[in-house]
Structure formats: C-alpha cells, structure tokens
Amino acid sequence: MFFFHSLPLFALSPTLAYVICQKDFTGPRERSDLGFITFDIKNIFDWNVKQLFLYLSAEYSTKNNALNQVVLWDKIVLRGDNPRLLLKDMKTKYFFFDDGNGLKGNRNVTLTLSWNVVPNAGILPLVTGSGHVSVPFPDTYEITKSY
Amino acid sequence: MLSLDFLDDVRRMNRRQLYYQVLNFGMIVSSALMIWKGLMVITGSESPIVVVLSGSMEPAFHRGDLLFLTNRVEDPIRVGEIVVFRIEGREIPIVHRVLKIHEKQNGHIKFLTKGDNNAVDDRGLYKQGQHWLEKKDVVGRARGFVPYIGIVTILMNDYPKFKYAVLFLLGLFVLVHRE
C-alpha cells in the first residue's frame, strides 16, 4: 500500500508555444502539425513507493479526432531520489505530431501532469494531478523555424 | 528410506483407491481450469495473468514479474496506461506504456506505445507499414503486479526438462498422497 505524506501538488507553467507543418517523420508520412512547447515544472510532494512514473500529457480536440492525448515528457522518480523537482525551460521529450493539422489555431490544448505509482507489489494506480494548464497555439504556422 | 516408503504405499493401494486418486487429480485440474476461465470472464481479458519477459519496462518491471490484467470495454485506453498487446501475426505479448492516442467521435482509437526503458517508441516493433495499434491488438491493461513469482514459468519454458520434472513430481505427489 502507499500513502502520500502530503497532498500531491505541482506548479506547471508553459513558457512558449508554436506550430509548424511538416511530414511526420516518426511514422505516418503525411504532413501534420508539429507543436513546440517549453515549460517549467515544480512539484512538492512526498511519497513512499518503489517508483513514480511522471508524465506530462497534452489533451486536445481536432476536426479529425474527437480526443487526442500525447505524452510530451516523462520522468522516472525512484524511491530515494529527491522527489522535489524544479525543472525550468524544459523542451518536450517526444515529438508533438498531430494526426492531421489540428494544432494550428487550437486554443484548447490542455497540459496535465500525471503519475503511475509502482509499488513493491500490488495495485498500479494512475493518478492525475489536479489543475491543468491551457496552451493556445497561434493561428499561423511559425515560418522562421523548421525542423 | 523415503523412496521405499513411497513404493510400499503404492503397492498397498488397491485398484479402487487408484481410480479414486485419479479422479481426485482430475478434480484438481478441473477446478484450476474453472478458476482460470472465471478470471478470464471477470477481467474481460483472454490472458488475465502474464509474465514479464523482457527488461523494456525497467525499473518498474523486471523479467519474471507477474502482471494482473483487465480488459473491460468500458475502460477507454488513455495515455500513461500500461498495456499488454500482441502484434498481428506474432505470438509473444509485449508490455509497454501508451504514449499517444487519437480517438474519433465514434470511439475508434489508434495509439502508439513505448517501453519505459527503450529510447524510442514501438513503431520499429510493429508490422511493416503499421504505425498504430488498435483495440483489437490489446490483450489487457496492467492493474497490479507481483515481483519475481513468474520466474518459474520462464524457467519451465527455457528448460523443458525442468517443466517435465515439475509436472512429474506434482503428478506423483497427487497420486500417491493419501487423505
């Protein structure tokens, strides 16, 4: 069993967001929107389990798909590691390709921090932190940058 | 000596007792099968318990850990979940985490997976030309786990002689044991 010694809290603030459109080189070859976000994370919770798998996911809706969820960043925090994170100016770890062109002009991309608790043995709960942050993407493609 | 006692017991058993012991053995096997089928119904998964075979989900799971799965249709697939899936045409199930989902209005979902301990996502593992997994590929979602216990299954798979020895000893024990 696991217990949170104090309420899980975190502060999440995105600092920059833009979109370009290009061939999705991670798999499907169609031209899709590729989003770039940088963010700060600060968390202040204590825990007592074998491992926490933290992940930052973006959730949004597009014309093509009613629900999209993309993991942008993840981190494994092992028992014994310092559980307090203060990360600044983080770039997304995984490419934020949409299935189509639904990122440009999308005002409702919601970022949430969640974690998977891995106990020494037992249930594997998935917990979503309270409080989401909205990241609005601009209405036009960023022409000064490319990948 | 222990072996001589066993042989004496076997000789003393008459035919009727032997049939009784065989029936007993049959009962145990049937009960085990019923429990397994019951688990399949409750969890909705064709394979409610699986053994982790690789280190691609370390440090969370190691080879030999046992995972308990559910596969209820009402539970939608969401990022962060640990899914056990089979690639079309391959037997071995893979245990990885969901990285990306795109779901249409009608509920049709396509998703991408990645092992925690792998540097890249699973597209290299999927079939040639396949970019996404779908609900039909999923065996179940990992809801709980117990470490180490599954090592016995891996040993029995890798060393068939060990498997036969275990089965033989079990069979012998049940047949010879008197209540």
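The model shown is predicted, which means the values in this text are computed figures rather than measured ones. (Residues numbered from 1 in each chain as written. Chains lettered and ligands numbered in written order. Predicted model: local features only at pLDDT ≥ 70, side-chain atom pairs only at ≥ 80, totals over all residues. Heavy atoms only, no water.)

This part covers the pairing of strand E7 (residues 109-118) of chain A. Regular strands have side chains that alternate between both faces of the sheet. Residues and elements named next belong to chain A. The element E7 is extensively covered by neighbouring structure, given that 9 of its 10 residues are classed as buried. Both strand E3 (residues 51-60) and E7 contribute to a ladder of 9 bridges, which runs antiparallel. For Ala-58, the partnering residue across the bridge sits in E7 and is Leu-111. By the bridge criterion, 3 bridges tie E7 to strand E10 (residues 133-135) in an arrangement that is antiparallel. Within E10, the position partnered with Leu-111 by the bridge is Val-133. Inspection of the sheet shows E7 paired to strand E9 (residues 126-128) by 3 bridges, in the antiparallel sense. (Buried < 20%, exposed > 50% of the residue type's maximum accessible area, 1.4 Å probe, protein only. Helix = DSSP H or I, 4+ residues; strand = E, 2+ residues; numbered from the N terminus. Pairing = 2+ DSSP bridges.)

So, about the side chain of B:Arg123. Considering the arrangement of structural elements, one finds B:Arg123 in the loop between strand E5 (109-114) and strand E6 (133-134). Buried charged residue B:Arg123 carries no salt bridge. Nearest counter-charge: B:Asp121, at 4.5 Å. Here A:Thr26 takes part through its backbone oxygen, which lies 2.9 Å from a polar atom of the side chain of B:Arg123. Here B:His131 takes part through its backbone oxygen, which lies 2.7 Å from a polar atom of the side chain of B:Arg123. (Lys, Arg positive; Asp, Glu negative; His and termini not counted. Salt bridge = Lys/Arg side-chain N within 4 Å of Asp/Glu carboxyl O. Polar contact = N/O pair within 3.5 Å; in protein donor to acceptor, adjacent residues only side chain to side chain.)

Once that is clear, we can look at the nonpolar core. Formed by 25 residues in total, the largest nonpolar core has its most connected members in A:Ile37, A:Leu56, A:Leu72, A:Trp73, A:Phe96, A:Leu111 and A:Phe137. Those elements that provide at least two residues to this core are strand E1 (10-23), E3, strand E4 (67-78), strand E5 (85-91), E7 and E10 of chain A. In terms of nonpolar packing, the next biggest core, distinct from the first, is built from 21 residues, B:Ile94, B:Val98, B:Ile109 and B:Trp132 among them. (Core = buried A, V, L, I, M, F, W, Y, C linked by side-chain atoms within 4.5 Å.)

What follows is about the UniProt feature "transmembrane region" (unreviewed entry) in chain B. According to UniProt, the feature "transmembrane region" (unreviewed entry) maps to residues 18-36 of chain B in the numbering used here. A distance of 27 Å separates the end C-alpha atoms of residues 18-36 of chain B, which is 100% helix and 0% strand. (UniProt positions renumbered as here; feature names shortened; annotations may be inferred.)

Attention now goes to the pairing of strand E2 (residues 66-70) of chain B. Residue and element names in this part refer to chain B. Burial runs high along E2: 4 of the 5 residues are buried. Of the pairings in the sheet, the one linking strand E1 (residues 49-51) to E2 comprises 3 bridges and is antiparallel in character. From the neighbouring strand, Ile-49 faces E2, where its bridge partner is Phe-68. Where E2 lies against strand E7 (residues 138-146), 5 bridges are found, and the strand directions are antiparallel. Within E7, the position partnered with Leu-66 by the bridge is Val-146.

As a further point, take the packing of aromatic side chains. Going through the model one piece at a time under the given rule, you end up with 8 aromatic pairs over all chains. Here B:Phe85 and B:Tyr126 contribute two aromatic rings whose centre-to-centre distance is 6.4 Å and whose plane-to-plane angle is 80 degrees, an arrangement assigned as edge-to-face. Separated by 41 residues along the polypeptide, B:Phe85 in strand E3 (residues 82-85) and B:Tyr126 in the loop between E5 and E6 bring together distant segments of the chain. This pair shows no difference in class: B:Phe85 is buried, exactly as B:Tyr126 is. Through pairs of rings, three or more aromatic residues link up here, namely A:Phe25, A:Phe95 and A:Phe97. Across from the ring centre of A:Phe53, 3.7 Å away, lies the NZ or CZ of B:Arg97, which sits over that ring. The side chain of B:Arg123 reaches across the aromatic face of B:Trp132, ending 4.6 Å from its centre. (Phe/Tyr/Trp six-rings, centres within 6.5 Å; stacked < 30°, edge-to-face > 60°. Lys NZ or Arg CZ within 6 Å of the ring centre and 35° of its normal.)

The subject of this paragraph is the confidence of the model for chain B. All names here are of chain B. Here chain B averages 87 in pLDDT, and 91% of its residues register 70 or above. Within chain B, the element-level pLDDT minimum falls on helix H1 (residues 2-12), averaging 63, and the maximum on E5, averaging 96. The complex prediction reports pTM at 0.80, with the ipTM value standing at 0.80. (pLDDT = per-residue confidence, 0-100.)

So, about helix H2 (residues 15-43) of chain B. Counted at 1.5 Å a residue, the expected span for H2(B) with its 29 residues is 42 Å, and the 42 Å between its end C-alpha atoms agrees. Among the residues trailing H2(B), B:Gly44 stands out with phi positive, at a value near 75 degrees. (Expected span 1.5 Å × (residues − 1).)

A word on the environment of B:Ile149. All names here are of chain B. Locating Ile-149 in the fold gives a position in the loop between E7 and helix H3 (151-158). On a C-alpha basis, the gap between Ile-149 and Leu-67 in space is 10.0 Å, while along the polypeptide they are 82 residues apart. Every residue in contact with Ile-149, bar those within four places of it in the chain, is listed here: Gly-64 and Leu-66. (Contact = heavy atoms within 4.5 Å.)

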